[in-house]
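# Observations on chain architecture
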Amino acid sequence: YTMRFKANAADQKVKRRRVKAETVLTEAEKAQIKNIYLLRYRLSETGVEYHVDHRIPLSKGVKHHPDNLWVIPAVENLSKGAKMPAELAA
């Protein structure tokens, strides 16, 4: 079980990297993404850990784009997994 789990996790990591690498972004979009990650670091300085999350998971076929990113508490992101938020799934 453990070896299969590790292999699957490694495969998913490769797929995510590929999706991110294949996404063509303008310089303005790259700057937006950088600002989203800076916001995450600033919020995490409060003592509550935050993550940058894809609103619609990359596994659902969307691209790594600033319009699909948001900053949410780490606890919420970890419990969400690769599920879409209820308001987007309907």
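Structure report, in brief. (Residues numbered from 1 in each chain as written. Predicted model: local features only at pLDDT ≥ 70, side-chain atom pairs only at ≥ 80, totals over all residues. Heavy atoms only, no water.)

### Some details on the overall build of the protein chain
The test is simple: We count a stretch as a helix when DSSP gives it H or I for four or more residues in a row; a strand needs E for two or more, and each element gets its number in order from the N terminus. A 1.4 Å probe rolled over the protein chains alone gives each residue an accessible area, and that area as a share of the maximum for its type sets the label: buried under 20%, exposed over 50%, partly exposed in between. Residues are treated as being in contact if the distance between any of their heavy atoms lies within 4.5 Å.
On a plain count of helices and strands, the protein chain comes out with four helices and two strands. Reading the helices (α) and strands (β) of the protein chain from amino to carboxyl end gives α-α-β-β-α-α. Considered along the principal axes of its C-alpha atoms, the protein chain spans approximately 40 × 35 × 30 Å. Burial status across the protein chain gives 30% buried among its 90 residues. Put simply, of all contacts in the protein chain between residues at least 6 apart along the chain, 53% involve residues at least 24 apart.

### Some remarks on the side chain of histidine 65
Note the threshold: Pairs of N or O atoms are called polar contacts if they sit within 3.5 Å, as long as, within protein, a hydrogen donor faces a hydrogen acceptor (for residues adjacent in sequence, only side-chain-to-side-chain pairs).
With respect to the secondary-structure elements, histidine 65 resides in the loop between strand S1 (50-54) and strand S2 (69-73). Within the structure, the side chain of histidine 65 is placed 3.1 Å from the backbone nitrogen of aspartate 67, a separation counted as a polar contact. For histidine 65, the contacting residues outside a window of four places in its chain are Leu25 and Glu29.

### Here we look at the pattern of salt bridges
Condition: Each reported salt bridge corresponds to a side-chain nitrogen of Lys or Arg within 4 Å of a carboxyl oxygen of Asp or Glu.
A complete count under the given rule lists two salt bridges for this structure. In this structure, lysine 30 engages glutamate 27 in a salt bridge whose closest nitrogen and oxygen atoms are separated by 3.4 Å. Placement of both lysine 30 and glutamate 27 in helix H2 (residues 27-44) is noted, with a separation of three residues, approximately one turn of the helix. Classification of lysine 30 by relative accessible area gives partly exposed; the value is 43%. Of the charged contacts in the structure, one is a salt bridge between lysine 80 and aspartate 53, with a shortest N-O distance of 2.8 Å. Here the residue lysine 80 occupies a position in helix H3 (residues 74-80), and aspartate 53 occupies one in strand S1, the gap between them amounting to 27 residues.

### Here's the deal with the nonpolar core
To be explicit about the condition: Nine residue types can take part in a nonpolar core, namely buried Ala, Val, Leu, Ile, Met, Phe, Trp, Tyr and Cys, and a core is a set of them joined through side-chain atoms within 4.5 Å.
Counting residues in hydrophobic clusters, the biggest one holds seven residues: Leu25, Ile33, Ile36, Tyr50, Val52, Leu69 and Val71. Discounting chain neighbours no more than four positions away, the residues touching isoleucine 36 are Val52, Pro66, Leu69 and Val71.

### Things to note about the environment of alanine 74
With respect to the helices and strands, alanine 74 occurs in helix H3. With relative accessibility at 5%, the residue alanine 74 sits in the buried group. Those residues in contact with alanine 74 that sit more than four places away from it in its chain are Glu49, Tyr50 and His51.

### Quick notes on the side chain of asparagine 68
Following the sequence through the fold, asparagine 68 ends up in the loop between S1 and S2. Residue class for asparagine 68 comes out buried when judged on its relative accessible area of 8%. There is a polar contact of 2.8 Å between the side chain of asparagine 68 and the backbone nitrogen of isoleucine 56. Those residues in contact with asparagine 68 that lie beyond four places of it in its chain are Asp53, His54, Arg55, Ile56, Val62 and Lys63.

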